[in-house]
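Close look at the chain arrangement
Below are the chains, spelled out letter by letter.
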Amino acid sequence: STLEYFRVVTVRATASLFEPVTGHEDARIAAIMVAFEGGGTAELNATTLSAQARVDYSIDDVVLGRPVSPTYRYTVTVVRNDGTQDIDLQTREASAQIFFVSVAR
């Protein structure tokens, strides 16, 4: 049989992230994608300010009795109304069950 070890993380954003910036309406954020290393992707937008994603961990550590770190790694992509995608090349780390994503407007 197959064993899985994972947790579900909730990603949130404030509504103000999706509001237009005066003089830069084309650059308004349309969506924020939070992709978890070894897991799923949470998509946020003006109508979906909270999303859940699964983060998978190696079952080897559990089976072998080694400590399992609660830390996970993720990247953020900001999709703008003009079609551009700002991909964060810096992988971020966190361990919270629920967190607010931070991006530049």
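Below, the structure is looked at part by part. On a predicted model such as this, the values are computed, not experimentally measured, just so you know.

About the cut-offs
Residues numbered from 1 in each chain as written. Predicted model: local features only at pLDDT ≥ 70, side-chain atom pairs only at ≥ 80, totals over all residues. Heavy atoms only, no water. Helix = DSSP H or I, 4+ residues; strand = E, 2+ residues; numbered from the N terminus. Buried < 20%, exposed > 50% of the residue type's maximum accessible area, 1.4 Å probe, protein only. Contact = heavy atoms within 4.5 Å. Areas by Shrake-Rupley, 256 points an atom, 1.4 Å probe, with all protein chains shown as cover. Lys, Arg positive; Asp, Glu negative; His and termini not counted. Charge placed at Lys NZ, Arg CZ, Asp CG, Glu CD. Core = buried A, V, L, I, M, F, W, Y, C linked by side-chain atoms within 4.5 Å. Salt bridge = Lys/Arg side-chain N within 4 Å of Asp/Glu carboxyl O. Pairing = 2+ DSSP bridges. Axes fitted to C-alpha atoms, helices over the stretch in contact; angles between N-to-C directions.

Details of the overall build of the protein
- Scanning the protein from N- to C-terminus turns up 1 helix and 8 strands.
- Its C-alpha atoms give the protein principal-axis dimensions of about 55 × 25 × 25 Å.
- When the 105 residues of the protein are sorted by exposure, 28% land in the buried category.
- The long-range fraction of contacts in the protein, counting pairs at least 24 apart against all pairs at least 6 apart in sequence, stands at 62%.
- As presented, the protein carries roughly 6,400 Å² of accessible surface, and 50% of it is formed by carbon and sulfur atoms.
- The averaged location of the 13 negative side-chain charges in the protein is 5 Å from the averaged location of its 9 positive side-chain charges.

Quick word on the nonpolar core
- Residues I32, V34, F36, Y72, F99 and V101 are the most contacted members of the largest nonpolar core, which totals 23 residues.
- Of all elements in the fold, only β1 (5-12), β2 (29-36), β3 (41-44), β4 (50-57) and β5 (72-80) reach the threshold of two or more residues within this core.
- Contacts of I32, omitting those with residues within four sequence positions, involve L17, F18, A42, E43, L44, V76, T77, V101 and V103.

Quick notes on the pattern of salt bridges
- Using the criterion set out here, one finds 5 salt bridges in the structure.
- The salt bridge partner of E93 is R73, with a shortest N-O separation of 3.2 Å. Taken together, the residues E93 in strand β7 (residues 92-94) and R73 in strand β5 connect sequence positions 20 residues apart.
- For R73, a relative accessible area of 34% corresponds to the partly exposed category.
- Residue R80 pairs with D86 through a salt bridge whose shortest N-O separation is 2.7 Å.
- By sharing partners, the salt bridges in this structure join E37, R73 and E93 into a single network.

What to know about the sheet that holds strand β8 (residues 98-100)
- Read across the sheet, 3 strands follow the order β4-β1-β8 without closing on themselves; strand pairing throughout is mixed. A single partner strand is all that each edge strand has here, and the edge strands are β4 and β8. Geometrically, the sheet is characterised by an average inter-axis angle of 30° between neighbouring strands, direction not taken into account.
- In this sheet, β8 lies alongside β1 in parallel orientation, the contact comprising 3 bridges. Across the sheet, T10 pairs through a bridge with I98, a residue of β8.

Focus on the environment of V68
- Here V68 lies in the loop between α1 (59-63) and β5.
- For V68, a relative accessible area of 29% corresponds to the partly exposed category.
- Taking C-alpha positions, V68 is 42 Å from P20, a pair spaced 48 residues apart along the chain.
- In contact with V68, other than residues within four places in its own chain, are Y5, Y57, D61 and V62.

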